[in-house]
Amino acid sequence: MAKGIKVGSEVRVLRGKFSTQKGVVQASEGVGRARKWIVKLNGGVLERFSARTLELEQRHLITPPSTSIRAVSQEEEDSCSSNTSSDESSTSDNDEMREVDEDGASRRASDVSERRTNWDNRDTAAESNGDDDRVVLDGVEWRKMGDVTVELNGPAYQRKAALYHPLHERSTELDFWKMMMPADLMRNIIEATNLHTEMAQKPLDYEQLQHFFGILLAMTLASGGERRDMWKTESNGPFPAPALGRYMACHDFERILRNLKLCVYTDEELADDPWLPIRSAVDSFNRNRRGGISPGVTLCADESMGSWRGLAAKVDDAVVGLPHVTKIARKPEGVGTEYRTLSCGETKIMLQLEIQEGKVPMQGKEYAKDYGSGTSSLLRLTRYWSGSDRTVVADSAFASLKTAEALHKHRGLRFIGLVKTAHKRFPKAWLQKYPYTNRGDHCVLQANIDGRQYMAVGWNDKKLKMFISSTSRTTEALCPAYKKRFRQSTPEDRTSAPCVVFYKEVKRPAVVEAYFDNANAIDVHNHLRQGGLELERHWKTQTWWHRNFATIFGMCESDAYLAFRYFHPLAPILSHREFTERLSLQLLTYKSSFHDTGPSARLRKHMPVAPTEQPLQTVVAKIMSSHTLKTNMRECPVFQYKRQRLEQDEEGTSHNGRVPSVQRKCSVCCERKTAYYCDECT
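Residues numbered from 1 in each chain as written. Predicted model: local features only at pLDDT ≥ 70, side-chain atom pairs only at ≥ 80, totals over all residues. Heavy atoms only, no water.

1. Some thoughts on the packing of helix H8 (residues 276-292) against helix H16 (residues 544-567)
Then step 1. Contact geometry for H8 and H16: axes closest at 9 Å, N-to-C directions at 15 degrees. One way to sum up the angle between H8 and H16 is to call them roughly parallel. As H8 packs across H16, the resulting crossing turns out to be left-handed. Residue-level inspection shows Pro 277, Ile 278, Ala 281, Val 282, Phe 285 and Arg 289 of H8 in contact with H16, the latter providing Trp 544, Trp 545, Asn 548, Phe 549, Ile 552, Met 555, Cys 556 and Asp 559. (Axes fitted to C-alpha atoms, helices over the stretch in contact; angles between N-to-C directions. Helix = DSSP H or I, 4+ residues; strand = E, 2+ residues; numbered from the N terminus. Parallel < 35°, antiparallel > 145°, perpendicular 65-115°, else oblique. Left-handed = near helix turned anticlockwise from the far one by under 90°. Contact = heavy atoms within 4.5 Å.)

2. Re H8
Then step 1. If you check H8, its first and last C-alpha atoms are 24 Å apart, about what 17 residues at 1.5 Å a residue would give, namely 24 Å.
Then step 2. Of all 17 residues in H8, 12 are buried, a share of seventy percent or more.
Then step 3. When H8 is considered as a whole, its buried residues turn out to be Leu 276, Pro 277, Ile 278, Ser 280, Ala 281, Val 282, Ser 284, Phe 285, Asn 286, Asn 288, Arg 289 and Gly 292. (Expected span 1.5 Å × (residues − 1). Buried < 20%, exposed > 50% of the residue type's maximum accessible area, 1.4 Å probe, protein only.)

3. Digging into the state of the cysteines
Then step 1. One pass over the structure, following the stated rule, counts 0 disulfides.
Then step 2. Cys 300 takes part in no disulfide bond, and the closest cysteine sulfur to it belongs to Cys 344, at a distance of 9.9 Å.
Then step 3. You can call Cys 300 buried: its relative accessible area is 1%.
Then step 4. Under the relative-accessibility criterion, Cys 344 is labelled buried at 0%. (Disulfide = S-S within 2.5 Å.)

4. With respect to the nonpolar core
Then step 1. Counting residues in each nonpolar core, the largest one holds 110 residues, and the members touching the most others are Trp 142, Phe 212, Phe 213 and Phe 549.
Then step 2. With 13 residues, H16 is the largest single contributor of residues to this core.
Then step 3. Membership of the second largest hydrophobic core comes to 16 residues, among which are Met 455, Trp 459, Val 506 and Tyr 515. (Core = buried A, V, L, I, M, F, W, Y, C linked by side-chain atoms within 4.5 Å.)

5. Re unusual backbone geometry
Then step 1. Positive phi, close to 65 degrees, is recorded for Asn 153, a residue that is not glycine.
Then step 2. Within the element layout of this structure, Asn 153 appears in the loop between strand S8 (140-145) and strand S9 (162-163).
Then step 3. Take Asn 153: its relative accessible area is 25%, and that puts it in the partly exposed class.
Then step 4. One non-glycine residue, Asp 450, adopts positive backbone phi at about 55 degrees.

6. Brief notes about the side chain of Asn 460
Then step 1. By secondary structure assignment, the location of Asn 460 is in strand S20 (residues 452-460).
Then step 2. A residue is classified by how much of its surface remains accessible, and Asn 460, at 17% relative accessible area, is buried.
Then step 3. Within the local environment of Asn 460, its side chain forms a polar contact with the backbone oxygen of Asn 438, the two atoms lying 3.1 Å apart.
Then step 4. Not counting residues within four places of it along the chain, the set of residues in contact with Asn 460 comprises Tyr 436, Asn 438, Arg 439, Gly 440 and Asp 441. (Polar contact = N/O pair within 3.5 Å; in protein donor to acceptor, adjacent residues only side chain to side chain.)

7. Description of the environment of Leu 342
Then step 1. Turning to its location among the elements, Leu 342 is positioned in strand S15 (residues 335-344).
Then step 2. With sequence-adjacent residues up to four places away left out, Leu 342 is seen in contact with Leu 299, Cys 300, Ala 301, Met 350, Leu 351, Gln 352, Leu 381, Thr 382, Trp 385 and Ile 522.

Here's what the structure looks like:
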């Protein structure tokens, strides 16, 4: 990729149908990696090119060089004109002109290189003051130090991740699903979907919603074909027919799918907030994670994409498609809705989501005016864990010295980040010039800003990687970096000899180890959702909030699998597909109980309980000491909903005119019945 290209530069096209043609840059559009250069070719054609397809013509810059070079250029023009006007020129004249041309070309090249260097370092003007181990950048003094042998800024937060929900040996995949699927989101779906007139005859209830979710998961396990093929009862191949009609009729599934809404809103509210159909689902997701899991030592920040290739436009100020489409070429699913996400580095469970609504709406968000896009997003994502002294790990989209300072000032959090472009007040040029001897060597610079220590680390891998950190150490890590390599077992025969896999060890400091051990958390989660579940590919829809709900639904399923694998006391070794198969079957065969608004500590009918060996009075005394059994089941929302349905039923044939029982079997003795339950754990 050519560097130093700007308006007025003369460039040459490297590839494409305009290959080898030259032109002059007229303007640019876009920023960063999406920048395009508008070039007027010699034939007068205007075309857009990326920087990778252009090469800077250093000898023919339109921008005037220095005075001395301009004088040489004028001498060249005079020599060339006299040479073309005179048919008989001596060899000595030609040699003299060649010497002048080579001298002028070398000086022009050095001038261009010097100006390019000044441009690259425009934000990092340093004051060396004759000290090679000291650099000052915008008032921040960095000094070269030896290895940091103790934890920078004192001992960090040391606790393992934990769930707030009770677990036991009989916890199933369905229990973990209920922990990760927000209960208030399911209530909103039932309420909003039942408002449609098509749902009046047979309204959606909690049990049907679980069956609907089970069919969505079963669709991801199928090998292709039409959606209606999932209800076939005869097999056409080696695999048995799904026959989902045993659980829900096809027309009922299609009816729910057509009328599915995530929340209730009016047209006026939608006009003010075009993201309203999905915003309540994101808020419910964030609240569920805040109240359901305590993350470990590290928090990982990154981007996630929700694929969408449908409409994305407004007609007469009415949103008829996705309000804003983000395009990121490096992502496997690079077109759709971008989410800035935060996950637990230990369990890799997703903790927070933030929709990227577009440039103008995001500029009005909290902290955006003071800190910019990346830092402000990180501050909003970590607001629930302020003052916990955890460590945030983020890539170059968020990492900068400004981010490390803001996290300490507003959130009381530590930071480790990979620095690439956001290098203001960061000694990037100094770390690049440092003479590293071998692969794996590192260099450390340290600065004190308002009484807090920050270190800049350069690690000489295959390419130099630079980190900003306010925690960890720089002593050699216990576990080196393992680079996977391949070679032929027989060097003489490179065609038929088998390939041998081996790992190359590269030493690295502890701060680099802490970064790479946690920075892939969201990438692993995205791979489970997009490469394993692939609900967004199987659920074909033209409704943009359905596609976004499929993204959030996939995140909940992936989180349930990650939580099951990490927290279950006796978790069997299951692949993601096996977990999805089990969860889908449990959802399809689900039977609702008296209180189905969220994860419950009460053991379900599909979870048998052995009778207790202790006297019943002793067991009851222990329960009363730890639970508050004062709420009557008649006050339960589910019971009230069933009673309303009974009152609306004029004939009363479905219930024979009787009120449903308000007693349920005791979950302790499994023999007697009770009319009370605990509000805290149920």
